[in-house]
Amino acid sequence: MTAYDGFLFDAYGTLFRLELPNEQLDALTDGRANVLMDIWRSRQLQYTWLRSLMQRHVDFEQITLEALHFAMDFLQIRNEAVPQLLMPIYLRANCFDEVPKVLDSLKQLGKKTAILSNGTPRMLQAGVANAGLQDKIDHLFSVEQVGIFKPDPRVYQMAIDQLQVEPARILFVSSNAWDVAGASSAGLSVAWVNRNGHPPERLPANVTYEARDLKDLLEKMKLGHP
């Protein structure tokens, strides 16, 4: 852990978990909650990448709503109660159980802590407040500061510049393997929190640590194990 002066975390799936109203959603979609969520999440990511390539940026809240509308159209779901139910979940995000203690440990060691996310400042501020992490996170970095989404190198460079730490001395931590690859390509040291036991992506990335969760990552770092 002494090798790093700063720890830069992705938000959703890494620090924050979304409380999904599955039973309510099933009732509104004739039992199609899971397939709707899969299409929504897939299009949400695709739209960030496609809009970045097209240089037609809108913020993550708009992309999230547009992706949800596509998923509803694809499944021919016309119930406007669905977006009213789903869109607020990002503003009510909470953290995974191990997150507060892990962040406390880093702060006790004098490490800089920050979030770097596609989420808007409003979304990130809500997540930090809901999880009670205000005194555990030093900086919130949103892609809105550069107007393009991950994994564009400018996103990671923006965080590097503002942390004022050498890239190799920042450990970027994400549950998304594609995000880890983007950060590695930008010169950051990286850790993949593989919460779901997925195989690695076939993308260039020099992953220093792979862990089941943040507690496991902390233990591996203490022991010096990749």
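Just so we're clear, the structure is a prediction, and the values are computed from it rather than from any experiment. Numbering of residues starts from 1 in every chain and runs along the sequence as written. Local features are withheld for residues below a pLDDT of 70 in this predicted model, meaning they are given only at 70 or higher, and side-chain atom pairs are given and counted only at 80 or more; totals for whole chains, interfaces and linings count all residues. Water and hydrogen atoms were dropped before computing side-chain values, which therefore reflect all heavy atoms in the structure.

Novice: Account for unusual backbone geometry, with residues named and values stated.
Specialist: With an omega of 10°, the peptide bond running from Lys150 to Pro151 counts as cis. Only runs of H or I of at least four residues qualify as helices and only runs of E of at least two qualify as strands under DSSP, and these elements are numbered from the N terminus. When you line up the elements, Pro151 lands in the loop between β5 (139–142) and α7 (153–163). A positive phi angle, near 55°, is found at Asp30, a position not held by glycine. Looking at where Asp30 falls in the secondary structure, it is placed in the loop between α1 (22–28) and α2 (33–54). Here the phi dihedral of Gln55 falls at roughly 55°; this positive angle occurs in a residue that is not glycine. Counting through the fold element by element, Gln55 comes out in the loop between α2 and α3 (60–74). The cut-offs for exposure are 20% and 50% of the maximum accessible area for each residue type, with area from a 1.4 Å probe on protein chains only; residues under the lower value are buried, those over the upper are exposed, and the others partly exposed. When its relative accessible area of 72% is taken as the criterion, Gln55 is described as exposed.

Novice: I'd love a proper account of the packing of helix α5 (residues 99–108) against helix α9 (residues 214–223), names of residues and values included.
Specialist: Lines fitted to the C-alpha atoms define the axes, with helices restricted to the stretch that makes contact. Angles between their N-to-C directions range from 0 to 180 degrees. Contact geometry for α5 and α9: axes closest at 9 Å, N-to-C directions at 30°. On the side of α5, the interface is formed by Val99, Val102, Ser105 and Leu106, while α9 contributes Leu214, Lys215 and Leu218. Residue polarity is assigned by list, with Asp, Glu, Lys and Arg as charged and Ala, Val, Leu, Ile, Met, Phe, Trp, Tyr, Cys and Pro as nonpolar; anything else, Gly included, falls into the polar class. Residue classes in the contact of α5 with α9 are distributed as five nonpolar, one polar and one charged. The contact definition used throughout considers only heavy atoms, calling two residues in contact when any of these lie within 4.5 Å.

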